[in-house]
Amino acid sequence: MDEYINRGRRRFLTVTTSAVGGVGIIATTVPFFQSWLPSASARATEAPVTQSLKKIEPGQQLITTWRNLPIFIVNRTPKQLAALPGQNPRLVDPDSKNTSAHQQPAYAQNGTRSIKPQWLILIGLCTHVNCVPTYKGQMKPEPFDPAWQGGYYCPCHRSRYDLAGRVYKDVPAPKNMQVPPYHFVDDTTVQIGVGPKDKA
Amino acid sequence: MIALSLALMLNSALSLSKTTAVLPTTGRHPLEQTALRHGARMFFHYCVACHSLKYMRYSRIARDLKLSRQQVMTHLNLTGGRFNDPVISSMPAALATKAFGKVPPDLSLEIRAKGAVWAYNYLNTFYLDPKSPIGWNNTVLPNTTMPFPLWELQGEQVAVVGKDGHQVQKLEIKQLGTMKPAQYRQATRDLIDFLTYVSDPAALQRRRYGIWVMLFLVLFTFLAWLLKKEYWKDIH
Amino acid sequence: MTSRWRHWLEERLPGLTRMIRRHVTAYYAPKNFNLWYYFGSLALLVLLNQLVTGSFLAMNYKPGIATAFDSVQYIMRDVNWGWLIRTMHTTGASLLFVIIFLHTFRSIMYGSFKKPRELVWLLGMLLFVVVMAEAFTGYVLPWGTMSFWATRVVVALFATIPVIGPHLAEWIMGGSLPADATLNRFFALHVIMLPLLLLFLVVLHLTALHEVGSNNPDGVEIRCGPKGNRWGKHYPADGIPFHPYYTLKDLVGVGVFLLVAAYIVFFAPSFDGWFLERNNAVMADPLLTPAHIRPVWYFSAFYAMVRMMPSFAGTAVWGPIAMSGSIALLFALPWIDVGPVKSIRYRGTGYKVALGIFVLAFVGLMLIGSNLTDVLFPWLFGANINLTKWTMIFGRTMMLAYFGFFVFLGLYTHLGWEKTRPVPERVRARG
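Predicted, not measured: the structure shown is a model, and the values here were computed from it.

Let's talk about the overall build of chain C
Counting its regular elements, chain C contains 16 helices and two strands. Taken over the C-alpha trace, chain C has a radius of gyration of 24 Å; the compact-globule value for 431 residues is 22 Å, and the two agree within 12%. Summarising its shape, the C-alpha atoms of chain C cover approximately 70 × 60 × 45 Å along the three principal directions. Expressed as a percentage of its 431 residues, the buried residues of chain C come to 53%. Within chain C, contacts between residues at least 6 apart in sequence are counted, and of these 77% link residues at least 24 apart. Accessible surface computed for chain C: about 20,400 Å², of which carbon and sulfur atoms make up 70%. Where the 35 positive side-chain charges of chain C centre and where its 20 negative ones centre are 10 Å apart.

Listed below in structure tokens is the structure:
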């Protein structure tokens, strides 16, 4: 309608200003989104946890926490250990080589899923939807399994694991329970959160 | 805005007039890394025995002052705290109350509350006072209950009093310490710089981001102004 | 694509397009707005900033006298970007008052409060009061020494009211001292009730404004002439659509404002103790009043009035009366100043002088309230000046000038003493 209007210039300036303004607005939202990331005090709780093993009787489980997660420590008896290989045919990934390849540090990727066979150390969360499974250590028939050889039973959706935290077939949970990084400070003390090679 | 900057000037005048000395201004950036590290060493050598920094984590000091975890844990952290813990003095509160009549204040926010000039002057105006139960007095905080922890460095200052026998006219160094006066002033300045950083650790990042934000806004405002001018050609 | 989408929305929500037209694209504003007209949109921008940053602060703040102070330091040190979010909030609070003071002054100066815009003015004043309540409740939350003593002092103002005062004070605090109950209710007020009220009032303020149209520096209405303007025959000849002309102009204002705000946020967040006060870096201690107590700068003029009023007949109620009176008189301004001419440009000399004195009086009271006269007077008149006496004399003169402005204005306009200059038919061209 008016000849003095330079439409090209108007469009160029509109697009440029909008783009620069848009970048500004997006950049401004970044700090707000990032403010939801763990704070320095939340990160401070991620420090390694040292736990004495002295008071755990054979066949018993102790629950501690690391990063606010439940940590299961089980003193497995020779009898319990002996029953582990026999479970292999009923398990999803008995050697933790396939679907559960990343569920433990390399030093615990073995038949007992541990550094020392006697000591089982697990993050106590069901790999289905993160409920805390119940310890059913006794090797006796259970309502959910007449041939039970000890292990974990998750009350939420009835997933079952053996005494190495390996998941059984035909349950909702897909993977073996996770083994945290840990190392032995001495024979009766374990530190969770730091692997044997990473320790300072 | 003019009223505010006037107010700002007056406020600075107010804080200066109340003190006896002026913070030496060298040309350097107020929170320069070398000075901060030196200040941190001063703090952990002379102050942490009594004073905590309960809002300051060792890990944050390491990150901001570009020190390694090991440097912090072996050279600075002498109280046995963990790397992610805040700096807590090892002195039990009960013992402190017995020795000084009160718990020595936490210094996390001291500079925010009192100002760097005040704190600097405080550390520079201790003098021997036989009448004081701790043997020391201070012109900035008369009858202070804090023994002078830096006396080895500064030496012993005495007060020259006026005719009335009370009013302190000036302070003179009677016995030199391990540092020359200029060295001592610089050392206390570094210590105050460190505490200034501790009272507002974000200041280090803030200035870095600020430059870019300002530059961006200049660009945006310029573009907006061009656009506005273009459209306002319509209006006669 | 866009038109189909718009059509879909239009069918289901016919009012939306109408509303956008009415308030933005076809709202015709006078074409001669000057610098003073930036502050309305800037106030809205800062309000938005306060809402967003405030929400994120509320995610990390813990009300309660044992946790509040620590949680603020947690925000400043441990939360990612917490320092930025909090500093944006505190800087925004102070700048909102700068903006509101200038916005209100603009309205007085150009007669924007006069008929037919009295309701816009009343809603604006109500907004001012709610913003003050918002600022006060927010000031208490960090639970520093100043937070505590500000609460004590402000509640004590209510306590001076005869008969019900003491009960009122106890009711406000939920006890005889500011404590957990006080902090928790102030938090709820600060983050829920007052912001909702604020938003509601902003909507009313703008709706009322758009009903009668904006005033302008010439103070004459932009009536619909026989020819209309280039956008339509029925539109005011000197009006231009708010969008794109004023949206773009305001965008430039926003840019300049953000530069100032960013400078403060990134380089001077405490503004040398004026925006974030030194004493508030010390946790509240009910047993210790700080030696140098002063209110935060935007309350200092009103605080000075309380300080300048002596107790009389055994009560201290006169200070609070003066303080609330100073704001009540502003509410009544449209009925005090009934001069027919709106803009200062065409008003009598008496008015111009009076307004100048009024501004000086307000600034003078601010100087007293923020203790700046304690430095200023010795500097100007020598160290031996009797500070208490001269501050009193100066302060009471300033108060007299403040209240005198309203008395003068009432007489001046009601009795027809004002000699105005001829008002132009239409707004003068820009520039």
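What follows picks up the thread again.
A few points about the side chain of S370 of chain C
All names here are of chain C. Position of S370 among the secondary structure elements: in the loop between α14 (349-369) and α15 (373-381). Look at S370 and you get buried, because its relative accessible area is 5%. At a separation of 2.7 Å, a polar atom in the side chain of S370 contacts the main-chain carbonyl oxygen of M366. Beyond its immediate sequence surroundings of up to four residues, S370 is in contact with W274, R294 and S300.

Observations concerning the sheet that holds strand β4 (residues 119-123) of chain A
Residues and elements named next belong to chain A. Reading across the sheet, the three strands line up as β2-β3-β4 and stay open at both edges, with antiparallel pairing between neighbours. Each edge of the open sheet carries a strand with a single partner, namely β2 (61-66) and β4. In this sheet, adjacent strand axes meet at a mean angle of 25° when their direction is disregarded. Examined bridge by bridge, strand β3 (residues 69-75) and β4 share five bridges and lie antiparallel to one another. Each bridged residue has a counterpart across the sheet, and for V74 the counterpart in β4 is L120.

Points about the interface of chain B and chain A
Interface size is commonly expressed as the accessible area that is lost once the parts come together. With 14 residues of chain B at the contact, the number on the chain A side is 17 residues. Roughly 1,400 Å² is buried in total at the junction of chain B and chain A, and carbon and sulfur atoms are behind 64% of that figure. At the junction of chain B and chain A, the tally comes to three salt bridges. Across the pair E230 of chain B and R9 of chain A runs a salt bridge, and its minimum N-O distance is 2.8 Å. Taken together, chain B and chain A are joined by three residue pairs in polar contact (both at pLDDT 80 or more). Broken down by element, the side of chain B that touches chain A gets its largest block of residues, nine residues, from helix α10 (residues 203-231) of chain B. Split into classes, the residues belonging to the side of chain B that touches chain A amount to eight nonpolar, two polar and four charged.

The rules behind the values
- Residue numbers restart at each chain and count upward from 1, following the sequence in its written direction.
- Following the order in which they are written, the chains are lettered starting with A and the ligands numbered starting with 1.
- For a predicted model such as this one, the threshold for reporting local features is a pLDDT of at least 70, and the threshold for listing and counting side-chain atom pairs is 80 or more; totals across whole chains, interfaces and linings nevertheless cover every residue.
- The side-chain figures draw on all heavy atoms in the structure; neither hydrogens nor water molecules are used.
- For helices the rule is a DSSP run of H or I covering at least 4 residues; for strands it is a run of E covering at least 2, with both sets numbered from the N terminus onward.
- We compute the radius of gyration from the C-alpha atoms alone; for a globule the expected value is 2.2 Å times N to the 0.38, where N is the number of residues.
- Working definition: with a 1.4 Å probe on protein chains only, accessible area under 20% of the residue-type maximum means buried, over 50% means exposed, and in between means partly exposed.
- Contacts are residue-level and defined by heavy atoms, with any inter-residue pair within 4.5 Å sufficient.
- Note on areas: Shrake-Rupley, 1.4 Å probe, and residue coverage restricted to the protein chains presented here.
- Residues scored as positive are Lys and Arg, those scored as negative are Asp and Glu, and His as well as the terminal groups of each chain are ignored.
- Note on charges: their place is set at NZ of Lys, CZ of Arg, CG of Asp or CD of Glu.
- We define a polar contact as two N or O atoms separated by no more than 3.5 Å, with the added condition that, inside protein, one atom must be a possible hydrogen donor and the other a possible acceptor, whereas residues neighbouring each other in sequence contribute only through side-chain atom pairs.
- A pair of strands is treated as paired once DSSP finds two or more bridges between them.
- Between N-to-C directions, angles cover 0 to 180 degrees, with each direction set by a line fitted to C-alpha atoms, over the stretch in contact for helices.
- What gets called buried area is simply the loss in accessible area from a 1.4 Å probe that two parts show on being joined, summed for both.
- Should a side-chain nitrogen of Lys or Arg be within 4 Å of a carboxyl oxygen of Asp or Glu, the pair is scored as a salt bridge.
- Think of it as three bins: nonpolar holds Ala, Val, Leu, Ile, Met, Phe, Trp, Tyr, Cys and Pro, charged holds Asp, Glu, Lys and Arg, and polar takes everything else, Gly as well.

Don't take any of this as a statement about function, it's just geometry.
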